[in-house]
There are 2 protein chains.
Amino acid sequence: MLTYDLEKRGKKPLYEYLYYCIREDILQGNLKAGEKLPSKREMAGGYGIALITVENAYAQLIIEGYVTAKEKRGYFVNRVALAETQTMPKNATPTTQKNTPENSSASGRQSATAAAASSGSQSVQEAQASPPAWIDLSSSNLRRDAFPFATWTRLMRRIMEDREEAFLRKPESTGVPELREAISEYLRKAKGLCVTPDRIVVGPGTEYLHHLILQLVGPGRIVAVEDPGYKKVGQIYEAHGLKCLHVPVDENGLIAERLVGSNAKLVHLSPSHHFPTGCVMPIGRRRSLLSWAQAEGAYLVEDDYDSEFRFDGRPVPTLASLNDEVVIYMNTFTKTLAPSIRIAFMVLPTPLLQRFQEKLFFYSGAVSSFEQYTLAAFLKDGYYERHVNRMRNYYRQQRTKILQALSLSPLSERVTLEEHGAGLHFIVKVRGIRDDEKWLDRLAREGIRLSPVSAYCYGGQEKYRHKFLIYYGDIDEESMKRAFEIMART
Amino acid sequence: MLTYDLEKRGKKPLYEYLYYCIREDILQGNLKAGEKLPSKREMAGGYGIALITVENAYAQLIIEGYVTAKEKRGYFVNRVALAETQTMPKNATPTTQKNTPENSSASGRQSATAAAASSGSQSVQEAQASPPAWIDLSSSNLRRDAFPFATWTRLMRRIMEDREEAFLRKPESTGVPELREAISEYLRKAKGLCVTPDRIVVGPGTEYLHHLILQLVGPGRIVAVEDPGYKKVGQIYEAHGLKCLHVPVDENGLIAERLVGSNAKLVHLSPSHHFPTGCVMPIGRRRSLLSWAQAEGAYLVEDDYDSEFRFDGRPVPTLASLNDEVVIYMNTFTKTLAPSIRIAFMVLPTPLLQRFQEKLFFYSGAVSSFEQYTLAAFLKDGYYERHVNRMRNYYRQQRTKILQALSLSPLSERVTLEEHGAGLHFIVKVRGIRDDEKWLDRLAREGIRLSPVSAYCYGGQEKYRHKFLIYYGDIDEESMKRAFEIMART
């Protein structure tokens, strides 16, 4: 029996503290790979705590890849790789296990995948032509009344009055200091990511930040992207003459061993919530990736695009918090606030920061100072955190409503639901379709727009046959019911 | 004697109509190269109009390179080249002269250069370290109280109230339609440039637009830039792995014949007001450049960065108005409004627009919708035009004050003034300096910051020895006097 002093948890919720203790034991090697954890009941009984507390702690360990649940057999510790060459992150000590790129995904992660696979909020198919749709499930639509308009405009007015002098200054090329400080503080509080403001670079959208990154990496290089994945990233690099390597994704995310010998200098990935399949990259694979990058002098771009909308458990810790020497952390406010606000940011590792200052110092800041100051105040005064919490609750309820509608609809007999623990879409596999494209065409003629997972694939579409994304953010229940009925008889 | 029916001028000012008539005769070949124009007095007497009217018309013809003034001899028609292969611009008919890249600059333009060479408003040396300066003449500082803050914030509030729904829409990749329409209208009225809104692409600064252009041109290409010139442009292209060809500039701007055989696919230039020397490219050289581009399938990027601030005569017509098939017209609101407002735009030729739609459709708009709508209203309601007029008057007065201060200062004995018909800086040549760098160092130690023209050179600095830029936009007269005194004894 594991013995932790639960009194020492301080202000942490009980389940979170329990999760930390077990994680630490796995990282320290006190809990060895393959070892069986106490059952949830044993654990709850032993400490005299609620079953739900243990369930939450285990769920988090499963999502993050420390533990695997095997049906009817129990919970088992995964192999957690750590490279010999890797600098030690503060919260980790090397285990004694050998490190090969694949030994982590060798342990089955079916149930973890089931708990974690889910959704996303990016759409590639903007150029797709189709008849006017009365319901669009193919791309992320924020809820109409979601944006805290009154607060935002109040802050804007305050900024206009207080910061007149800032209007006549060119914004710093990496963003105004106030905003970078506010982002640094937010990352610390919300993601447990500690970075100094000088490592933060603000830009008008993630696309712009990719422009900067590709200049740091240099022309002619190979960039690895996820397949399936967010195609826009590959398009940006290819439009600049870099070569894209499409690395397949399995239930643990990007298959790290495919990078060996690839000569890739940059890898773009969404480890906390893969787009579009929704899987979470387990700790073992994360470690393998980091070791590979460290050995190759490559950089990983961690696209944390909708990590704010994870509904179960705590947010998944960032790759950057494991090793900030090889990870470029990237996120945007466009997805959480409003599509018209073009502010994103990245956190550069020290060597790239230096290269930025040497090579790219000449760039002007590209985001209007005015909106930068407004966002800084919005973050600093706690409005952003409250907004994200409110939205998370809204989306959780919305998801429940929509899933309930699905389960009660005639479509439910033809559908397997892929999990939906996060993000603004989930994935359904629909049986009884002969040809996906023709089915989508028939739906389009009925005014229903839907994206297949295969639209995000570079190859291997076969694996994703009959799978579709359903964005539910701004869909009302009645329309959704009607769409499910039409889908059922199509 | 030329006979024009001045009654037909409609609403045009007399001098402008006279300028048009003579220009048309030159373009039609009715006035041949080398032909002498009537003297100003003859012309004024013949029509019974004021001498100043003729002077203004001739000055404009000289600035634009149609005519050369030869001291004590009179006004002579220049050779105006037009390529056989070139599509005909609406307002031009081919002359019978032969077309060689250099036959336009063969005709001397000393006096035209004297009338037109002047100033600019861009600084490259942002990364330069120097002790705190009490006077900074090295970069463009807009006048503190210049920005129409009250109007701008009032429009912003109106937009916030009226356009709430726009907040939740992603801005179009080329800019919101309202802004593109307003820009199209502005270009027509202010520059006589007729372009449909769909050819306009809005971005957060000219640097961003260059990012788009280089993707349209493709990697590995050769880009020609002016030497001396605005170095940032070359830096952007080089950071993306394109090769930069530095083309020398003479008193007529970029030397077109140097492009022959260069294989350049893109040429960046500032024909209406070369940065930093201030010269205006005459019509002959413009035609040569356009023919070359047309024959080579190359594009010319016309950077019209401070054409709003030309103090004498009408604005110089744009290159784009001569041939919109090979010219990308580019301008920014950052220089005229406020450095914190990051909105620039370009006008794409049809073939590039098509390539944009095929290759770069996936980009999101990178300028916040909110500021786009505000600027659209600012343009549409006429505030922008009024603001630019007000600023032009202010800068004209400011320039007169500063030049007067110079002429009365002890420095005047050591200084030759290079012309100052436009822009926010002028150039002085200072005698009695042995080593420019040491002189600048000594001034820096006295708290005076100044840029040498050679800072904008890639080679051939010798030609620009002892020449310095003086930005006067936000400098008060007393400080300027003090600075001139210190410079005089340094």
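Above this text sits the structure in question.
Owing to the predicted nature of the structure, the values given are computational and were not obtained by experimental measurement. (Residues numbered from 1 in each chain as written. Chains lettered and ligands numbered in written order. Predicted model: local features only at pLDDT ≥ 70, side-chain atom pairs only at ≥ 80, totals over all residues. Heavy atoms only, no water.)

Peer 1: Looking at this model, I keep getting lost on unusual backbone geometry. Mind explaining?
Peer 2: Peptide bonds are mostly trans, and most non-glycine residues show a negative phi. In this model, phenylalanine 275 of chain A is joined to proline 276 of chain A through a cis peptide bond whose omega is 0°. Position of proline 276 of chain A among the secondary structure elements: in the loop between strand S8 (264-269) and helix H10 (283-296). The omega torsion across aspartate 227 of chain B and proline 228 of chain B is 0°, close enough to zero to call that bond cis. The residue proline 228 of chain B is located in the loop between strand S5 (222-227) and helix H9 (231-239) in this model. Despite not being glycine, asparagine 263 of chain A shows a phi value in the positive range, around 70°. With respect to the secondary-structure elements, asparagine 263 of chain A resides in the loop between strand S7 (253-254) and S8. For histidine 466 of chain B, which is not a glycine, the phi torsion comes out positive at approximately 65°. Tracing the sequence through the fold places histidine 466 of chain B in the loop between strand S15 (451-452) and strand S16 (467-471). Classification of histidine 466 of chain B by relative accessible area gives buried; the value is 14%. (Helix = DSSP H or I, 4+ residues; strand = E, 2+ residues; numbered from the N terminus. Buried < 20%, exposed > 50% of the residue type's maximum accessible area, 1.4 Å probe, protein only.)

Peer 1: Sorry if this is basic, but what is going on with the sheet that holds S16 of chain B here?
Peer 2: Strand pairing within a sheet occurs via backbone hydrogen bonds; the two strands may be parallel or antiparallel. Residue and element names in this part refer to chain B. Taken in spatial order, the 4 strands of this open sheet run S12-S13-S16-S15, and their pairing is antiparallel. Each of the sheet's edge strands pairs with one partner strand only, and the pair in question is strand S12 (415-417) and S15. On the sheet, helix H14 (residues 436-445) packs against strand S13 (425-430), S15 and S16 and is oriented at approximately 35° with respect to S16. (Pairing = 2+ DSSP bridges. Contact = heavy atoms within 4.5 Å. Axes fitted to C-alpha atoms, helices over the stretch in contact; angles between N-to-C directions.)

Peer 1: It is not clear to me how the interface of chain B and chain A should be interpreted in this structure. Could you clarify?
Peer 2: One frequent convention defines the size of an interface as the accessible area lost when the parts assemble. With 50 residues of chain B at the interface, the matching set in chain A holds 50 residues. Two residues, glutamate 161 of chain B and arginine 157 of chain A, come together in a salt bridge whose shortest N-O distance is 3.7 Å. Linking chain B with chain A are 16 residue pairs in polar contact (both at pLDDT 80 or more). Of all the secondary structure elements, the ones that give two or more residues to the side of chain B that touches chain A are helix H6 (149-162), helix H8 (206-217), H9 and helix H12 (369-380) of chain B. Take the side of chain B that touches chain A: its biggest share by element is 7 residues, from H6 of chain B. (Salt bridge = Lys/Arg side-chain N within 4 Å of Asp/Glu carboxyl O. Polar contact = N/O pair within 3.5 Å; in protein donor to acceptor, adjacent residues only side chain to side chain.)

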